[in-house]
Amino acid sequence: MDLRVMQLFLPSRADDRINELLEGREILGRWRDTDADQIAVHLLLPAGETEPIMDRFEEQFGDSPGFHVILFPVYAVLPRPEQPDELEEAVSASDSDEIRFGKQRISREELFAQVTEGLATSRVFLGMTLLSAVVVAVGLLRNDVAVIIGAMVIAPLLAPNVALALATTLSDFQLLRRALFTNAIGLAVAFVCSLVIGWSFPIDETIPAVASRTRPQTVDILLALAAGSAGTLAFTQGLSGAVIGVMVAVALMPPLVVSGMLLGDGDYASAGGALLLVLANLICINLAGVATFLVQGVRPRNWWEADRAKKAAWGALILWLALLVILGLILWVGDVGSAPAAEAVN
């Protein structure tokens, strides 16, 4: 069970409302400090309980001076909390979205904090992107899968793509602009780096790791959809960014580097095929990411924001899906056209 410690700093007049606002929530431990002007409540609770509790208190005291909520991860606790029986928990849970989805993920605020932390286009981000592109290029040229996977663990493009899906789901246009900017910078740095490598070294297109990314197929769409959904789902559970990043990077960094290297080497046709795969993968990752956030019940706190976000999310899903259908038809036509050519060679 993932646990969190929540600190609530409330005005003294909130004393009569605390029990009411915590009613029906699973609280494993509770402590409080009181002075003349403020109450500090400390709660030990499952990670899935944090969002509904924060929403309740923000709705009541969000405009009050001194109101703050601070959330801490918990690595261990004694005595050990009892693990709930899954069958009893499923039977006792109500049909509300808050119960059905809330206990299956970390809170909206925690998700937001994690993705915004990785959106700064700092020297560290640029350096990690550059190094990831170099390692991927070496792995591709050596046809070494282990080296390619090692570059994916660096995962520089994880936060921008998850942030893009989250911004669409929450209809947060400021986050959307930041995510698009960081994503564009990261993709540009990786592409330029691979372009220089392709210009500096001869590229053998027959290397399997390179050739497989110059001829995209419809099955690659399934890979990108699975990668985007798995990465987003793991992100909502608060798992390690390195673990999640492999799923996202597997669909982005290798074909992007292949396209840059081949373009630098002067092989424009094959570079175009790899760029088409990058575009298809970007669409699939964001389509799967938005769909996964919606299934996980991620939405704004206020009903009017939720209504606007729902329309924006469904609009984005339709747009991504339409683009995916177009690209899928292009890839399908390419698959059909390449089959007779392969038979002729045989």
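Residues numbered from 1 in each chain as written. Predicted model: local features only at pLDDT ≥ 70, side-chain atom pairs only at ≥ 80, totals over all residues. Heavy atoms only, no water.

Considering all chains together, one arrives at nine salt bridges under this definition. Residues participating in the shared-partner salt-bridge network are Glu-51, Asp-55, Arg-105, Arg-108 and Glu-109. (Salt bridge = Lys/Arg side-chain N within 4 Å of Asp/Glu carboxyl O.)

With respect to the helices and strands, the residue Pro-11 is situated in strand β1 (residues 3-11). Separated by 57 residues in the primary sequence, Pro-11 and His-68 place their C-alpha atoms 10.0 Å from one another. Residues in contact with Pro-11, not counting those within four places in the same chain, are Asp-37, Ile-39, Phe-61 and Ser-64. (Helix = DSSP H or I, 4+ residues; strand = E, 2+ residues; numbered from the N terminus. Contact = heavy atoms within 4.5 Å.)

When two helices pack together, you describe them by how their axes are tilted relative to each other and by the distance separating the axes. Put simply, helix α8 (residues 158-170) and helix α9 (residues 173-200) touch, their axes get as near as 8 Å, and they point 155° apart. Here α8 lies roughly antiparallel to α9, going by the angle between them. Along this stretch, α8 crosses α9, giving a crossing that reads as left-handed. Where α8 abuts α9, its residues Pro-160, Asn-161, Ala-163, Leu-164, Leu-166, Ala-167 and Thr-168 lie against Leu-175, Leu-176, Ala-179, Leu-180, Thr-182 and Asn-183. Classifying every residue of the contact of α8 with α9 by side-chain character gives nine nonpolar, four polar and no charged. (Axes fitted to C-alpha atoms, helices over the stretch in contact; angles between N-to-C directions. Parallel < 35°, antiparallel > 145°, perpendicular 65-115°, else oblique. Left-handed = near helix turned anticlockwise from the far one by under 90°. Nonpolar A, V, L, I, M, F, W, Y, C, P; charged D, E, K, R; others polar.)

Bringing the sheet that holds strand β2 (residues 29-34) into the picture now. Either a parallel or an antiparallel arrangement is found when strands of a sheet pair, and the pairing is made through backbone hydrogen bonds. With respect to topology, four strands assemble into an open sheet ordered β2-β3-β1-β4, the strand pairing being antiparallel. Each edge of the sheet is formed by a strand with only one pairing partner; in this case those strands are β2 and β4 (68-74). Pairwise comparison of adjacent strand axes, ignoring direction, gives a mean angle of 15° for this sheet. Packing of helix α2 (residues 50-61) onto the sheet brings it into contact with β1, β3 (38-46) and β4, and relative to β1 it is tilted by some 5°. (Pairing = 2+ DSSP bridges.)

The relation between two aromatic rings is expressed through the spacing of the ring centres and the mutual angle of the planes. Within the structure shown, the criterion is met by one aromatic pair. A ring pair is formed by Phe-57 and Phe-61, whose centres lie 6.3 Å apart and whose planes are at 35°; its orientation type is tilted. On the criterion of helical spacing, the pair formed by Phe-57 and Phe-61 is a turn pair, its members being four residues apart in helix α2. Phe-61 matches Phe-57 in its accessibility class, with the two residues each being buried. (Phe/Tyr/Trp six-rings, centres within 6.5 Å; stacked < 30°, edge-to-face > 60°. Buried < 20%, exposed > 50% of the residue type's maximum accessible area, 1.4 Å probe, protein only.)

Counting 60 residues, the largest nonpolar core has Leu-111, Leu-140, Leu-166, Met-253, Val-257, Met-261 and Phe-293 as the members making the most contacts within it. Among the elements that make up this core, the one with the highest residue count is helix α13 (residues 268-295) (eleven residues). Ignoring sequence-local partners within four residues, the contact set of Leu-166 consists of Leu-111, Phe-112, Val-115, Leu-175, Phe-293 and Val-298. Ranked by size, the runner-up nonpolar core spans 16 residues in total, among them Ala-14, Leu-21, Leu-43 and Leu-45. (Core = buried A, V, L, I, M, F, W, Y, C linked by side-chain atoms within 4.5 Å.)

Now for α9. For α9, with 28 residues, the first-to-last C-alpha span of 40 Å sits near the 40 Å given by 1.5 Å per residue. Those residues of α9 not exposed but buried are Leu-175, Ala-179, Thr-182, Asn-183, Gly-186, Leu-187, Ala-190, Phe-191, Cys-193, Ser-194, Ile-197 and Gly-198. The N-cap residue of α9 is Asp-172: its side-chain oxygen and the backbone nitrogen of Gln-174 are 3.3 Å apart. (Expected span 1.5 Å × (residues − 1). Polar contact = N/O pair within 3.5 Å; in protein donor to acceptor, adjacent residues only side chain to side chain.)

A separate point is the confidence of the model for the protein chain. Residue-level pLDDT values for the protein chain average 81, and 84% of them are 70 or greater. Throughout residues 87-102 the model reports pLDDT below 50, and contacts reaching past four residues in sequence, or to other chains, amount to 17 contacts. Considering only residues more than four positions removed or in separate chains, one finds that residues 341-346, a stretch of pLDDT under 50, has zero contacts. (pLDDT = per-residue confidence, 0-100.)

Okay, the side chain of Asn-161 next. Relative to the elements of secondary structure, Asn-161 occurs in helix α8. Setting aside its immediate chain neighbours within four residues, Asn-161 contacts Asn-183, Leu-252, Leu-282, Ile-285 and Asn-286.

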